[in-house]
Structure formats: C-alpha cells, structure tokens
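This is what each chain is made of:
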Amino acid sequence: MPQFQTMPEVLQHWAQEKPESAAFIFRDKNQRRNVLTWASLYTLAGRFAAVLRGKGIARGDLVINTLPNSPERMVCDAGIWMAGAASVNGQCLMADGSDLLNTITQSRAPAILMDPDITGSPWNVLKNHVVMDDEERVTSSQLACVQTVVFVRRVENEGRGDFIGQLKAQEEWFQAEEVKPEDDFCFFTTSGSTGFSKLVIGNQGTLIHFILHNKPFIKKVFGEKVHLNTGQMGWLGGYVIFSVVSGTTYVTCDMRAGIPEDMPQFLWTSIQEEKCDTAGISPVYLPKLAEIMETGSQKSQTAMVSSTWRMDTVALGSLPIQQFIVQAGLKVAHNVLIEYGLTDIGIIGALVVTDSQTFTDHDSGKPFADLQVKIVSVEDEAKPCVPGQVGHILVKGLSMMKGYLNNPKATADAFTEDGFFRTGDVGRLDERGHLIVDGRGSDAIMRGIYAVYPSWIEKRLRECPGVDDVIVIGVPDTLLHEELCACVVLKSDGASMEQVRQFAEGMFVSKDDPQSACPRYFLKFDSYPETGTGKPDRKVIKTQAAQRLGLISASD
C-alpha cells in the first residue's frame, strides 16, 4: 500500500494508478448500477472543489453534507477534501429538524449541501430558518454562520439542474495546496445523551496512519478487490476512507430513492453480481442472508446466477455479537471478522473466527498493539480490575479523537486525568487477553449498531397530552440486542396508548429508519416500582416489561 499523508494525495494517486477501475459502485433498490471510476471521482471532486471555492469556502472551513449514500454524496465529500475543507455529517432524523439545526449551530459551518427533491428532505426544515437568493446565498438571524446552501439534485438523463451532469460540463477545477496531515477533514456524528449528536473530529493524519500501519487488518476487512458495506457514509462504520486509502472498490446502496424493502435479498444480489470478496454487514441482516445463501440461490433481480459466490470475509461490529450470528456469518463467508470500536476512538480490537464452536459470546479479540486498554471498577475508576472481572472499559492510543467540536466540556468529561477515553461500555479482559464486551454501562440502550440514550426521548414523550410520566428501557431482541420500549403512566383523564404511539412516531422523519429512536413497544403502567430511595427502579421496570411482552419468562 503506498504511503499517503492527505486525502487529496490519495485521490490523485489512484486516479493515476488505475484511472478506469471502479472506485465506487452504487446500486439502487431496483439494482440499477452507477459506477464512479477513480479518474471520474478525482475529476468531479476537483470540479466541485472549484464550485465550493467560488462560493467562498476556504481551506479549513466546514461543510455540512446531508445527502444520503449516493454518487452525489461521494463526489461532494471528495470535493470538500480537494478544497481543503472538512465534511460534517448532517443527519436529520427529527421531524422538527432540531438535530440538524443543532449540528449547524454546533459546527458553525458556512455551507450546507442538500437535495430538496428527496422524501423528507432537510430543506423542508431549513427553508423556514433562512432566506435564499438566486445564487444559493443565504441570510439567517437564527443561523448566522450559514452563508450558502448548495442544492445537489439528480435529474434523469443528466438534464438541466443535474448535479453530476453539470460537473461533467464544467471546466473549472481546483485542488487545495498545502493540505497537511494535521488538518481536520471530517466530523462524524455520534450518539448523545441530549438527543443531539456530538461531532467527533476526524484528523487526516490520524486516520490514514491507522490504515497504513494496520495493513493486515485493513486487508482482511476490505479485501483487495470489492468490498460491500451497508453503513451510512456519515458514520464511522460506513465511512469510505478505509476503502479509498486502500484502493478497494466500494459497493453500497444508492439510497437517494430509499432503502430496499428486502435488504437481505438486495445484499445477496449485490454480492453475487459484483463478486464481493469482503463485506461490512449489519448483524440484523445476516440470518436471512444466510438463509438465502443456503437455499441457493434464488433468482437474482437482474440476472440468473449460475453458482453461489461466497465471500472471503464478513465483518461485524458494534453490538455484542452472539454465537448464532457468527454461525450465520460463516454461511455467507469463509471468515467472520468481529470488530469492537466506537466512533469517538475508532477500532479498538478485532477477532477472526472460522469455527463458530470456538467462539465465546461477546468476544472482541485482542486490542490493537498501539492501544492501551484497562478495565476499572464500576464504583471506583481509580481501582483497576483483575483479569476476568467486569468493569468499565478505558482506552488510550494514537488513533483516539482530538475531541468533540466546539464542545470542551464533553471533551473533558470523556477522558480520565491520565488521558484514557471513557468508552461507556462494560466488559472484561479474559485470560487470553481478549476483550469481552457486554454492552453499555449506563442507561444507554444498544439498539443494533446505535446507542440510544433514553432521557431525551422520555422528556419529549412527557409533552404528549394525557401523559403523566414515561420511562424508556431496552428489552431483549434476538437480532438488535435490545429494542426500545416506552413504559407510560397516563393521567386519570389521559390519552390512550395509541395516541402516545402516534405522538412518538410523529417525532421522527421516519419511524422505520434504522437510525430512528422511535420505540417499538408501548406499555401502560399504573405506577413504577421504586428503589429504596423512592426513585423508579429501571432494572425492575425492564424485567417487568420484558415479561409482559413475552420476551423472557416470569422466572427470569
């Protein structure tokens, strides 16, 4: 793997080294393909960098990207790098747009990219807060930092107004000089206890250094040919830097027209037709994907597949992995790679499994050699745990984040006095030095690959007419690890539980979005069991809810 220091260097190298090879393959929900070669990505990125420069975006500026996974999203992010600026993930999951507005305020970004034509577009929210002229320049009394909103549209047949078509017809091109490894180039969103994401600073040199100095691991995850990934590009699990630096073809879903109704079938067809050798797949989809692989192969949506293609490696991460998930993974690929990491710090440890019978639930393998990991007492952080003892997981190393953008208090709270990052997870180191991760150590709920903090959901649901109190807990779920359940106490003349459900669903752009924190279950309580100090006993409430839903037996 060549030695790089900055992302513009990376793009330039692969555009020269293998210009006509596919850098990205986007497949929409109807399995139509859209390919970006390395040469086209580099060219289009430079042209978009010129557009940004023309709008006053300079080196070091931040640009919020709200686009879903798509060719347009990738070209925009690459163009931001070429301009010497930094991209900020601009998610908008709340129906009132409060999460996006918070990101704008927190980042102080002068530019925002969005597609006004997609369902649930963030523009539906933002247009109520800004005044725009014909040049996409904006003014706002509430969002004074914003200077421009760039509309990134897609028109069939590259007609007038089509973003990619316009760049292809453009002659101006730009690549920022003197971009340095210490420059920030991306800001990931991560879960927050307030319901608003903290922005994790991504440094060019730190991330590229991790990739170049962990070549065997990166090769195992991303292969040498074609890598499939289902993650959102604005989150670390779906971020593209790993494949871009390693020069691997990245296959993902073009989500501009929406998420496929049958994601496992979509994944199977993509794997077969693109001959993917590695994949990063949410564990939620694995059992059904394995079933499709076993039954052989059903007809592809676009072609008959003569024989079933089996990948070399499927990578799993985030939630605690159980043996049945590993068994499903080994039906899809020859190897299962289990990763443990956080957006705030990157990948901490990994484990390759070839035989599910040798796997212990929640095993995340040995931490990387350049990291220090220690387990400390839940009651006393200064007291280290002995091997095998469960406690809070602390991590320290070069791959750690610089901090949270414009949030010094959250940054300070995240670290111990001796520089260890508080992961918020609980686990233990076994006799082999493997890290066994059991989940979150706070009230946070591990729902799939996302951590959900219940306090802000409870606060909003208490605003529902007729609701006296709400406690949101996590109940067992076979695939997601935990699912959200709202335990509601109604006022004497309160609303019905159906009205509470409708109120909750109305809080989000889409209750079916994998990132949505909308509870799946709603249970009525007359009152809450209490602790000895008179506070609601969340542990007892959690057990009672799981029993009432039939998820555990009454004896558990």
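Source: prediction; values computed, not measured.

Draft legend 1. Region of the structure containing the overall build of the chain. Per the secondary structure count, the chain includes 16 helices and 26 strands. The C-alpha radius of gyration computed for the chain amounts to 24 Å, which stays within 12% of the reference 24 Å derived for 556 residues, consistent with globular compactness. With the C-alpha coordinates of the chain rotated into their principal frame, the extents come out at 70 × 55 × 55 Å. In the chain, the share of contacts with a sequence separation of at least 24, taken over all contacts with a separation of at least 6, comes to 65%. Taken as a whole, the chain presents about 23,400 Å² of accessible surface, with 47% of it coming from carbon and sulfur. Computed over 53 positive and 68 negative side-chain charges, the separation of the two mean positions in the chain equals 1 Å.

Draft legend 2. Layout of the packing of helix H2 (residues 38-54) against helix H3 (residues 71-82). Packing of H2 against H3 leaves a shortest axis separation of 7 Å and a crossing angle of 65°. Along this stretch, H2 crosses H3, giving a crossing that reads as right-handed. Counted together, Leu41, Tyr42, Leu44, Ala45, Gly46, Phe48, Ala49 and Leu52 of H2 and Met74, Val75, Cys76, Ala78, Gly79, Ile80 and Met82 of H3 form the full contact between these two elements. A class-by-class count of the residues in the contact of H2 with H3 yields 13 nonpolar, 2 polar and no charged.

Draft legend 3. Focus on the pattern of salt bridges. Under the defined criterion, the tally for this structure stands at 28 salt bridges. Residue arginine 73 pairs with aspartate 77 through a salt bridge whose shortest N-O separation is 3.6 Å. Here the residue arginine 73 and the residue aspartate 77 both occupy positions in helix H3, the gap between them amounting to 4 residues, near one helical turn. For the pair shown, arginine 73 and aspartate 77 are each scored as buried.

Draft legend 4. Region of interest: the sheet that holds strand E19 (residues 391-397). Read from one edge to the other, the open sheet built from 4 strands follows the order E18-E19-E20-E21, with strand pairing classed as antiparallel. The sheet is open, and its two borders are formed by strand E18 (371-376) and strand E21 (435-440), each paired with just one other strand. Averaged over all neighbouring strand pairs, the angle between strand axes comes to 45°, with direction disregarded. As defined by bridge partners, E19 adjoins strand E20 (residues 421-429) across 4 bridges and the pair is classed as antiparallel. Across the sheet, residue valine 395 finds its bridge partner in E20, namely phenylalanine 421.

Draft legend 5. Here's a closer look at the nonpolar core. Residues Phe24, Leu41 and Ile241 are the most contacted members of the largest nonpolar core, which totals 82 residues. The element best represented in this core is H2, accounting for 8 residues. Look past the residues within four positions of phenylalanine 24 in its chain and what remains in contact with it is Asn34, Val35, Leu36, Leu41, Met74, Met233, Val240, Val244 and Tyr250.

Draft legend 6. A look at the pairing of strand E12 (residues 249-253). Counting buried positions over the 5 residues of E12 gives 5, a clear majority of the element. Alternating residues of E12 divide into Thr249, Val251 and Cys253 and Tyr250 and Thr252, and every residue in both groups is buried. Pairing analysis gives 4 bridges linking strand E1 (residues 22-27) to E12, with the strands arranged parallel. From the neighbouring strand, phenylalanine 26 faces E12, where its bridge partner is threonine 252. As paired elements, strand E11 (residues 226-229) and E12 share 3 bridges and run parallel to each other. Bridge assignment links valine 226 to a residue of E12, and that residue is threonine 249. For the handedness criterion, the β-α-β arrangement of E11, helix H9 (residues 241-246) and E12 is classed as right-handed.

Draft legend 7. Molecular detail of the packing of helix H1 (residues 7-17) against H3. Between H1 and H3, the least distance of the axes is 8 Å, while the angle of their chain directions is 115°. Judged by the sense of rotation from one axis to the other, the crossing of H1 with H3 is left-handed. Along its contact with H1, which presents Met7, Pro8 and Leu11, the element H3 presents Ala78, Trp81 and Met82. Of the residues in the contact of H1 with H3, the class split is 6 nonpolar, no polar and no charged.

Draft legend 8. Region of interest: the side chain of histidine 362. Checked against the element boundaries, histidine 362 lands in the loop between strand E16 (346-353) and strand E17 (366-367). Histidine 362 gets classed as buried once you look at its relative accessible area, which sits at 17%. The contacts of histidine 362, once residues within four sequence positions are left out, are Pro320, Ile321, Gln322, Leu435, Ile436, Val437 and Asp438.

Draft legend 9. Examining helix H7 (residues 204-212) more closely. Along H7, the residues that are buried comprise Gln204, Leu207, Ile208, Phe210, Ile211 and Leu212. Taken together, the buried residues of H7 touch H1, strand E9 (184-190), strand E10 (198-203), helix H8 (215-222), H9 and E16. Of the residues that open H7, the one with a side-chain oxygen 3.1 Å from the backbone nitrogen of glycine 205 is asparagine 203.

Draft legend 10. Seen up close, the pairing of strand E14 (residues 311-317). Along E14, 6 of the 7 residues are buried, which leaves the element largely enclosed by surrounding structure. Sheet topology places strand E13 (residues 278-280) next to E14; 3 bridges connect them, and they run parallel. Across the sheet, residue alanine 279 finds its bridge partner in E14, namely valine 314. Where E14 and strand E15 (residues 333-342) come together, 6 bridges link them in parallel fashion.

Draft legend 11. Quick peek at the environment of tyrosine 453. The residue tyrosine 453 is located in the loop between strand E23 (450-452) and helix H14 (454-461) in this model. Each C-alpha atom of the pair tyrosine 453 and serine 442 lies 8.8 Å from the other, and the pair is 11 residues apart in sequence.

Draft legend 12. Region of interest: the confidence of the model for the chain. Summarising the model, the chain shows a mean pLDDT of 89, and 95% of its residues fall at 70 or more. The weakest mean pLDDT in the chain belongs to H8 at 80; the strongest belongs to H2 at 98. In this model residues 298-306 is a low-confidence stretch, pLDDT under 50, and it forms 21 contacts with partners more than four residues away in sequence or in other chains.

Draft legend 13. Region of interest: H3. If you check H3, its first and last C-alpha atoms are 16 Å apart, about what 12 residues at 1.5 Å a residue would give, namely 16 Å. Burial within H3 is extensive, with 12 of its 12 residues counted as buried. Pro71, Glu72, Arg73, Met74, Val75, Cys76, Asp77, Ala78, Gly79, Ile80, Trp81 and Met82 are the residues of H3 that are buried. Positive backbone phi, approximately 80°, marks glycine 84, located one or two places after H3.

Draft legend 14. Region of the structure containing the side chain of serine 282. With respect to the helices and strands, the residue serine 282 is situated in the loop between E13 and helix H11 (286-295). Its relative accessible area of 15% is what places serine 282 among the buried residues. Residues in contact with serine 282, not counting those within four places in the same chain, are Thr230 and Ile449.

Draft legend 15. Main features of the sheet that holds strand E2 (residues 33-37). Taken together, the 9 strands give an open sheet; going across it, the order is E2-E1-E12-E11-E13-E14-E15-E16-E17, and neighbouring strands pair in mixed fashion. Sheet topology places E2 and E17 at the edges, where each strand pairs with a single neighbour. Sheet analysis places E15 next to E16, joined by 7 bridges and oriented antiparallel. Counted as the bridge partner of valine 336 is valine 353 from E16. Helix H10 (residues 263-274) contacts E1, E2, E11, E12 and E14 of the sheet and is inclined by roughly 145° relative to E1. Against the sheet, helix H12 (residues 323-332) makes contact with E14, E15 and E16, and its axis sits at roughly 130° relative to E15, the strand it touches most.

The rules we used
- Residues numbered from 1 in each chain as written.
- Predicted model: local features only at pLDDT ≥ 70, side-chain atom pairs only at ≥ 80, totals over all residues.
- Heavy atoms only, no water.
- Helix = DSSP H or I, 4+ residues; strand = E, 2+ residues; numbered from the N terminus.
- Rg over C-alpha atoms; globule rule 2.2 N^0.38 Å.
- Contact = heavy atoms within 4.5 Å.
- Areas by Shrake-Rupley, 256 points an atom, 1.4 Å probe, with all protein chains shown as cover.
- Lys, Arg positive; Asp, Glu negative; His and termini not counted.
- Charge placed at Lys NZ, Arg CZ, Asp CG, Glu CD.
- Axes fitted to C-alpha atoms, helices over the stretch in contact; angles between N-to-C directions.
- Left-handed = near helix turned anticlockwise from the far one by under 90°.
- Nonpolar A, V, L, I, M, F, W, Y, C, P; charged D, E, K, R; others polar.
- Salt bridge = Lys/Arg side-chain N within 4 Å of Asp/Glu carboxyl O.
- Buried < 20%, exposed > 50% of the residue type's maximum accessible area, 1.4 Å probe, protein only.
- Pairing = 2+ DSSP bridges.
- Core = buried A, V, L, I, M, F, W, Y, C linked by side-chain atoms within 4.5 Å.
- Right-handed = clockwise from strand over helix to strand, strands pointing away.
- Polar contact = N/O pair within 3.5 Å; in protein donor to acceptor, adjacent residues only side chain to side chain.
- pLDDT = per-residue confidence, 0-100.
- Expected span 1.5 Å × (residues − 1).

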